[in-house]
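Each chain, written out:
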Amino acid sequence: MDIRLSPSLLAWLRSFDAAARHGSFTKAAAELCITQGAVSQQVKQLEGWLRRPLFLRTPRALVPTPEGKWLAVVLRESFDAIESTLAQMRQPAEAATATLSCSPSFAMSWLTPRLGDFFRQHPTIGLRVFGEFHTLDRTRMVRDGVEAAVRFDLGGYRDLSATVFLDEWLIPVASPGFLASHPPITRPEDLQGDWLLHDGSAWDGADTYEEWQHWFAQRGTPSPPWAGGQQFNLSQLALGAALAGQGIAMGRAALVLQDVQAGRLVPLLGPCIPSRAAYSFVTTATPSPVMQLVRDWLLDQAQRFCTERAEVLPTPLQPSSQRQ
């Protein structure tokens, strides 16, 4: 006997399976999104093709015959196996993606080590981070498809929405090797200009010696001549030189805390000095649901970091403008 699963036979079997599970043509019709009459007719066609009844039709319910029970079990096992296989084979829906432009040094030292926590909390979101430090403006962000950015700067955005999520502390740092090979440094006046390592663009538009100038001013000490000190265009590069024993860098807490904890860098001449700049989460408009998750996660991580920072680094010195 040649029995093939034709489209008609498959439709009859699907209707029978639904009717057998629900014990009702009406409920089966609701599941299959067809009429009750269509389900009843398809089951009758299946019974006619098999030349045997599959249900005893009572006023209150459908009662499968012994043959109907047998077929219902076989169909359910078969449909379950098919559905399970299809679920395993089907490509998952494309994950929601978000593009975040971020200051390179902050991305490398602070953001990237914490991203594992974000992906554990939000496994279906693909967050792409690009290291950039150019000035933000709405036109460029829209053109490049950048929905949000993290910047270390003075803020003051006019056509963008910005949320400050982390302030910054400044403190000079040097390697143990550098300190061992140089005279003791116990006061700001001991610092020599050719020892200092500079991030020449702390943020777009900042003065070449911005952070060291600010630090000396807040300590109430004249700065030494800058000639001789190495200059870099990223804070991370200046810190790399400090780690290599080439001099003393102005450390931002967010970038140096791990190295301080590990003993690779030593903080000098505490207390810390609050920076004039801070880290902001910047968007072109109201963040999308995905970027709202990113922003909330950044705020939570920043709060945790501040607690850890306060346990490791010297308490910040109040700005001179607020001191008596």
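Everything below is about the structure shown above.
Bear in mind the structure is a predicted one, so any value in this text is a computation, not a measurement. (Residues numbered from 1 in each chain as written. Predicted model: local features only at pLDDT ≥ 70, side-chain atom pairs only at ≥ 80, totals over all residues. Heavy atoms only, no water.)

1. Section: the packing of helix H11 (residues 253–262) against helix H12 (residues 289–312)
Here is step 1 of the chain: Between H11 and H12, the shortest axis-to-axis distance is 11 Å and the interhelical angle comes to 55°. With respect to H12, the element H11 is oriented oblique. As H11 runs across H12, the sense of the crossing is left-handed. The residues of H12 that touch H11, namely those facing Ala253, Ala254, Leu257, Val260 and Gln261, are Phe305, Glu308, Arg309 and Val312.
Here is step 2 of the chain: Broken down by class, the residue content of the contact of H11 with H12 amounts to 6 nonpolar, 1 polar and 2 charged. (Axes fitted to C-alpha atoms, helices over the stretch in contact; angles between N-to-C directions. Helix = DSSP H or I, 4+ residues; strand = E, 2+ residues; numbered from the N terminus. Parallel < 35°, antiparallel > 145°, perpendicular 65-115°, else oblique. Left-handed = near helix turned anticlockwise from the far one by under 90°. Contact = heavy atoms within 4.5 Å. Nonpolar A, V, L, I, M, F, W, Y, C, P; charged D, E, K, R; others polar.)

2. Let's talk about the nonpolar core
Here is step 1 of the chain: Within the largest apolar cluster, 48 residues are counted, with the highest numbers of intra-cluster contacts made by Leu100, Phe106, Phe165, Leu166, Phe281 and Leu298.
Here is step 2 of the chain: Counting residues per element, this core draws most heavily on H12, which supplies 7 residues.
Here is step 3 of the chain: Contacts of Phe165, omitting those with residues within four sequence positions, involve Phe106, Val150, Tyr279, Ser280, Phe281, Leu298, Leu299 and Ala302.
Here is step 4 of the chain: Among the nonpolar cores identified, the runner-up in size contains 18 residues, and Leu13, Phe16, Leu54 and Ala72 belong to it. (Core = buried A, V, L, I, M, F, W, Y, C linked by side-chain atoms within 4.5 Å. Buried < 20%, exposed > 50% of the residue type's maximum accessible area, 1.4 Å probe, protein only.)

3. Considerations on unusual backbone geometry
Here is step 1 of the chain: In this structure, Pro271 follows Gly270 across a cis peptide bond, with omega equal to 10°.
Here is step 2 of the chain: The phi angle at Cys33 is positive, at roughly 60°, despite the residue not being glycine.
Here is step 3 of the chain: Along the chain, Cys33 turns up in the loop between helix H2 (25–32) and helix H3 (36–50).
Here is step 4 of the chain: We note that Leu269 has phi near 55°; this positive angle belongs to a residue other than glycine.
Here is step 5 of the chain: Within the element layout of this structure, Leu269 appears in the loop between strand E10 (266–267) and strand E11 (273–283).
Here is step 6 of the chain: Take Leu269: its relative accessible area is 12%, and that puts it in the buried class.

Without other data, these values stay purely geometric and don't point to any function.
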